[in-house]
Number of protein chains: 4
Amino acid sequence: MTQTVGFVGLGNMGLPMARNLLKAGFKVCVYNRTPDKAQVLAAEGATIVARLADAVTADGVVITMLANDAAVEEVVTGPGGIAGALGAGGIHVSMSTIAPATSRRLSAIHAPRGSLYIAAPVFGRPEAAAAKKLWICQSGATAAKERIRPLLAAMGQGTYDFGEDPSAASTVKLCGNFMILSVLETLGEALALAEKSGLDRKALASFFGETIFACPMYQIYGRSIASRAYEPAGFRVELGLKDANLIIDAANETKTPMPLAHLAQERMLAAVANGHKDLDWAAIELMIAGNAGLR
Amino acid sequence: MTQTVGFVGLGNMGLPMARNLLKAGFKVCVYNRTPDKAQVLAAEGATIVARLADAVTADGVVITMLANDAAVEEVVTGPGGIAGALGAGGIHVSMSTIAPATSRRLSAIHAPRGSLYIAAPVFGRPEAAAAKKLWICQSGATAAKERIRPLLAAMGQGTYDFGEDPSAASTVKLCGNFMILSVLETLGEALALAEKSGLDRKALASFFGETIFACPMYQIYGRSIASRAYEPAGFRVELGLKDANLIIDAANETKTPMPLAHLAQERMLAAVANGHKDLDWAAIELMIAGNAGLR
Amino acid sequence: MTQTVGFVGLGNMGLPMARNLLKAGFKVCVYNRTPDKAQVLAAEGATIVARLADAVTADGVVITMLANDAAVEEVVTGPGGIAGALGAGGIHVSMSTIAPATSRRLSAIHAPRGSLYIAAPVFGRPEAAAAKKLWICQSGATAAKERIRPLLAAMGQGTYDFGEDPSAASTVKLCGNFMILSVLETLGEALALAEKSGLDRKALASFFGETIFACPMYQIYGRSIASRAYEPAGFRVELGLKDANLIIDAANETKTPMPLAHLAQERMLAAVANGHKDLDWAAIELMIAGNAGLR
Amino acid sequence: MTQTVGFVGLGNMGLPMARNLLKAGFKVCVYNRTPDKAQVLAAEGATIVARLADAVTADGVVITMLANDAAVEEVVTGPGGIAGALGAGGIHVSMSTIAPATSRRLSAIHAPRGSLYIAAPVFGRPEAAAAKKLWICQSGATAAKERIRPLLAAMGQGTYDFGEDPSAASTVKLCGNFMILSVLETLGEALALAEKSGLDRKALASFFGETIFACPMYQIYGRSIASRAYEPAGFRVELGLKDANLIIDAANETKTPMPLAHLAQERMLAAVANGHKDLDWAAIELMIAGNAGLR
């Protein structure tokens, strides 16, 4: 018998992820705060529910893909929330980028009710989600992992396990976003030096993307930063700031000095302070350029 | 008729590069300050000369692959140096990592004598040099480029041209080394956060090297930094500091604020100050770990 | 008739401050979570109360001098707290270092009940508090300021007013602590450079304290940092980290990039991570020294 | 018999310093590259010479107050320079801000000729020089110090000795300029946070200048930074960058990581890159404000 899975959160990422579950043959029961967004999936076979609790089957699996920590906490512990509806043997798969501390807290909320928590954040932009090319890292209750394996396989190109600690995968996700932020700063500074030295920004970015940094992260951001193309945004500065703050919070909590993470956070603050919150987060380059007297 | 090429500097990089010229069928005339090092190439067909000037054919091509700016300036302008021996139509291909300002100066020294200067620094470690896997970026006199094309092709897997400005390729090389330094700092901070959060350093490095950062730079340094394996050194901290200083000098000259480059330079200083000058430059991670109270 | 004033929080700062109120002839009614600490003041004329609410006179003035934001919020909004007891016309003078956002929130809690909130944080160590040498900055409800003037005058050598915004004085206090943190970093780096150049640390610190930086901040910290005397702590690293975090939070809230504040925060984190949380906060110098290979 | 002293360099600082020597009754023989500038002192009793060597008495004392290291080295070792004219027993008092390494080199140049070198850089702006309010730090040959004591006393309000190492006083001067740069950055960031929090910049600067930072450095720069008054320049950004570079060079030479010094240098670079090289160096605040979206 086909498993039914609840899906909460149909943003830029959630929508294509839920669609891939449908395509893979799962019964998907979706809930979104703004119901209109869910309608498009009805035509593709999803069941649309008006109340959050109806997306949760006792003993079932529910996936959340929401904007931030507060939103996830709200759907878990708020009135009619997942915590009350899921019950013993149920599994909550939290796929958003949230603080490791939040994952620990959510896991502890589920535990006394016999529900299991898995942190399973993803790497990839909406196009990657649509193409089933997400990379997924997971951690949490071992008992749940076998059961959710086919679900994750339907949404990504590979899942990496980081053990039982429910916060581990959240930390991995923050490390990854920190590493991407670092690429943005690096490309911004390198291209500023190049431009001020009289070189062609695009030639430089191409060179590195084809040779010693031949991976999509450098190729994609190399192109956009070289040509200062920050619209439409793949991931907005404002969200980048949110993630930078999560990284700094994790660094504080673990007493880890991370000067490069602080630098990235300051760039995001500066970009917001200068009116760029809706540009792609690679637009922190505009701050680097401004300090260098470019533009 | 086979072209003869002079080769000056048989260090870790120069030796395999000269060997690849021999393998490709060029007549190679080598000079090294320490003659012993050159002997190994004699058996492979090279002509070993005792005086620098003898490695230079008037009207010929001479390649320099030396430790630093001062060494290159010395072999060009010192007694019996390249500048005097090369003459009209001769080509000096400078493949070391040197300051853009030095490339400009060398080009200006050659110009009145009718000699042509090409900056052609390379990316790759000694193993890559041996395997003919270097990436080469070149800039300088157009007239010279056609003639040296087969030589560069014999040493690398690809050559990228950055125009007529003799300093351009030197700037590209500095940008690249800055980008590598940034990877070291990034991995160091990310793995410190991971370790202090209870994660396995190697698992994290593997994950990123196999997914969103699937390129050798992250794979190789991810492995060494995850396991803190800094010996034997592929590129020593001391040389890393030299390169960091060249980057900062170029940033100063062009009035480009580069906080991440400064951070990298401070790490190199700290590593030297703590007795690590002969470790691989990835050992700046030890400074990050120390500040985080690890080890 | 003499005014009665409630005083909550008898730590290193609160005790001498309450004592100065007694000396000035005020009737002081003190509450401390740990009652033993309050007994010493009984002999000096204070009334010791066992319940927080008993320290608050409806329509009276109550001063809080507590460890952190959470403690102040607890005594205001917790069971039997100030908010319920103070009533219309009562005044809450909050003298701790807390977030501007917390001052705004506390003011908003008091407002509907007709109580007035004044933020009045102080600059000075316990010795300064004992000597009535504190500098006080205040902001908040104008109507309250005339009434509390003699109280503040009894505790400090001068009060500066920053207007009606209840958060303003809290911001001033954070700016000041940031400026002190910056002095610590500055002295630490300057003395590291001096020591590594072969100079005498103490001679250098004395010179600057007697000439271009002839103010107590440079004299006191110059002496302790020059001789690495970090015990007993005047203000512990752990509290310094708390304040650095408040500064960074305020910078985030207002979108103000403050790289020097971030640097100070990283030093505090590093000091805690290296086991120095109970040393004086000037001990961040040990991190500077460690990176320079000193000691 | 009155001592004759040579004085080389009549810039903003040198002119009032030479004038104070005249006022104190010394015979002063002045040389300036631009002779016009020297004429004003002729009326006050100075002897103006057209050739550098004529300002130097064999066995006498010559003071240099020049723009940078290169200028000092030129007047010492250039044709007709001090090194050749001073001879055994002569004393060169170098009062400019120069690299410690330059002081060492100059001392070594004088030594074989029997001439003595004293580094005696000063703290104070032109107004302080005019008012005989300079602070002087000296180091170098003990034998020379007694003889130059009355000269230094005629130019400053106090002289501090840092021993025999000729580079020591140069290092002290760099440490001091670093500390001033740090005050500029500190005030810039603190006032940015204050302004973005809705506070009055001038009120904040006044408060700190009257209370916990009651020393001229904070009062003077507090006023100019609060009101963004950067013209006329007391000390230009361009010269500030030169000094920041000397500090960084000294940090590199001694392997001392100084992140705050790097930050200051980047601010100077940014200010120059944005067209502010002729403003007062406190104008680095404009870069802080720009990143915060102010102005």
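For clarity, every value in this text was computed on a predicted model and none was experimentally measured.

A. Structural context of the overall build of chain A. Helix and strand counts for chain A stand at 13 helices and 9 strands. For 295 residues, the compact-globule formula gives about 19 Å, and the C-alpha radius of gyration of chain A, at 20 Å, lands near that figure. For chain A, the spread of C-alpha atoms along the principal axes amounts to about 65 × 45 × 35 Å. Across the 295 residues in chain A, those meeting the buried criterion constitute 59%. Within chain A, contacts between residues at least 6 apart in sequence are counted, and of these 65% link residues at least 24 apart.

B. Fine view of the interface of chain A and chain B. The interface of chain A with chain B comprises 51 residues on the first partner and 51 residues on the second. Secondary-structure elements contributing two or more residues to the side of chain A that touches chain B are β8 (134-140), β9 (156-161), α8 (168-196), α9 (201-210), α11 (237-254) and α12 (259-273) of chain A. Among the elements that make up the side of chain A that touches chain B, the one with the highest residue count is α8 of chain A (16 residues). Taken together, the residues that form the side of chain A that touches chain B break down as 34 nonpolar, 12 polar and 5 charged.

C. Here's a closer look at the nonpolar core. Core analysis: the biggest nonpolar cluster contains 452 residues, and V30 of chain A, V30 of chain B, V30 of chain C together with V30 of chain D have the highest contact counts within it. Residue contacts for V30 of chain C: discarding those within four places in its chain leaves F7, L10, A18, A38, L41, A46, I48 and A55 of chain C.

D. Local environment of the interface of chain C and chain D. Taken residue by residue, the interface counts 51 residues in chain C and 51 residues in chain D. Where the side of chain C that touches chain D is concerned, the elements lending two or more residues are β8 (134-140), β9 (156-161), α8 (168-196), α9 (201-210), α11 (237-254) and α12 (259-273) of chain C. When residues of the side of chain C that touches chain D are assigned to their parent elements, the largest contribution, 16 residues, is made by α8 of chain C. Among the residues forming the side of chain C that touches chain D, the class breakdown is 34 nonpolar, 12 polar and 5 charged.

E. Main features of the relation of the copies chain C and chain D. Least-squares fitting of chain C to chain D yields an RMSD of 0.0 Å, with the transformation described by 0.0 Å of translation along the axis and a rotation of 180°. Between the two chains, the operation in question is that of a two-fold axis. Measuring from the rotation axis to each C-alpha of chain C, the shortest distance belongs to C215 of chain C, at 2.9 Å. Of the interface residues in chain C, 100% have counterparts in chain D that sit at the interface too, so the contact is made through matching surfaces.

F. Seen up close, the relation of the copies chain A and chain B. Expressed as a screw operation, the relation of chain A to chain B combines 0.0 Å of axial shift with a rotation of 180°, fitting to an RMSD of 0.0 Å. By residue overlap, the copies meet face to face through one surface: 100% of the interface positions of chain A are interface positions in chain B.

G. Molecular detail of the pairing of strand β4 (residues 61-64) of chain D. All names here are of chain D. Because side chains alternate across β4, one face comprises the buried residues V61 and I63, and the other comprises V62 and T64, equally buried. For strand β1 (residues 4-8) and β4, the ladder comprises 4 bridges, and the chain directions are parallel. Within β4, the position partnered with V8 by the bridge is T64. Judged from the 4 bridges that link them, β4 and strand β5 (residues 91-94) form a sheet pairing that is parallel. Along β5, the bridge assignment pairs V61 with I91.

H. Layout of the environment of T211 of chain C. Summarising the element assignment, T211 of chain C is placed in the loop between α9 and α10 (216-226). Classification of T211 of chain C as buried rests on a count of 20 C-beta atoms within 10 Å. Leave out the neighbours within four places in its chain, and T211 of chain C touches F123, W135 and G158 of chain D.

I. Summary view of the packing of α12 of chain C against helix α12 (residues 259-273) of chain D. The contact between α12 of chain C and α12 of chain D brings their axes to 11 Å, and the two run at 170°. In this view, α12 of chain C runs roughly antiparallel relative to α12 of chain D, as classed from their interaxial angle. For the pair α12 of chain C and α12 of chain D, contact is made by P259, L260 and L263 of chain C and by P259, L260 and L263 of chain D, respectively. Grouping the amino acids of the contact of α12 of chain C with α12 of chain D by side-chain chemistry returns 6 nonpolar, no polar and no charged.

J. Region of interest: the domain arrangement of chain A. Residue and element names in this part refer to chain A. Domains assigned within chain A are domain 1 (4-164) and domain 2 (171-291). Look at where the C-alpha atoms of domain 1 and domain 2 centre, and you get two points 29 Å apart. Contacts between the two partners involve 10 residues from domain 1 and, on the opposite side, 13 residues from domain 2. Looking at the side of domain 1 that touches domain 2 residue by residue, the classes come out as 7 nonpolar, 2 polar and 1 charged.

K. Here's a closer look at the confidence of the model for chain A. Residue-level pLDDT values for chain A average 96, and 99% of them are 70 or greater. Two summary scores accompany this predicted model of the complex, namely pTM at 0.96 and ipTM at 0.97.

L. Structural detail: helix α9 (residues 201-210) of chain D. If you check which residues of α9 of chain D are buried, you get L204, A205, F207, F208 and G209 of chain D. Tucked inside the fold, the buried residues of α9 of chain D contact β8, β9 and α8 of chain C together with α8 (168-196) and α10 (216-226) of chain D.

M. Layout of the pairing of β9 of chain C. Residues and elements named next belong to chain C. Where β8 meets β9, 5 bridges bridge the pair, whose relative direction is parallel. Considered in β9, the bridge of W135 is made with G158. Crossover β8 to β9 through helix α7 (residues 142-155) is right-handed.

N. Layout of helix α10 (residues 216-226) of chain A. All names here are of chain A. Those residues of α10 that fall on the buried side of the exposure criterion are M217, Y218, Y221, G222, I225 and A226. Take α10 and look down its axis: the buried residues cluster within an arc of 125°, on one side only. On its buried side, α10 packs onto α8, α9 and α13 (285-291). Following α10 by one or two positions, R228 has its phi on the positive side, about 50°.

Conventions adopted
- Residues numbered from 1 in each chain as written.
- Chains lettered and ligands numbered in written order.
- Predicted model: local features only at pLDDT ≥ 70, side-chain atom pairs only at ≥ 80, totals over all residues.
- Helix = DSSP H or I, 4+ residues; strand = E, 2+ residues; numbered from the N terminus.
- Rg over C-alpha atoms; globule rule 2.2 N^0.38 Å.
- Buried ≥ 20, exposed ≤ 12 C-beta atoms within 10 Å, placed from the backbone.
- Contact = placed C-beta atoms within 7 Å.
- Nonpolar A, V, L, I, M, F, W, Y, C, P; charged D, E, K, R; others polar.
- Core = buried A, V, L, I, M, F, W, Y, C linked by C-beta atoms within 7 Å.
- Least-squares fit on C-alpha atoms with pLDDT ≥ 70 in both.
- Pairing = 2+ DSSP bridges.
- Axes fitted to C-alpha atoms, helices over the stretch in contact; angles between N-to-C directions.
- Parallel < 35°, antiparallel > 145°, perpendicular 65-115°, else oblique.
- Domains from an automatic or database assignment.
- pLDDT = per-residue confidence, 0-100.
- Right-handed = clockwise from strand over helix to strand, strands pointing away.
- Arc of directions from axis to C-beta.

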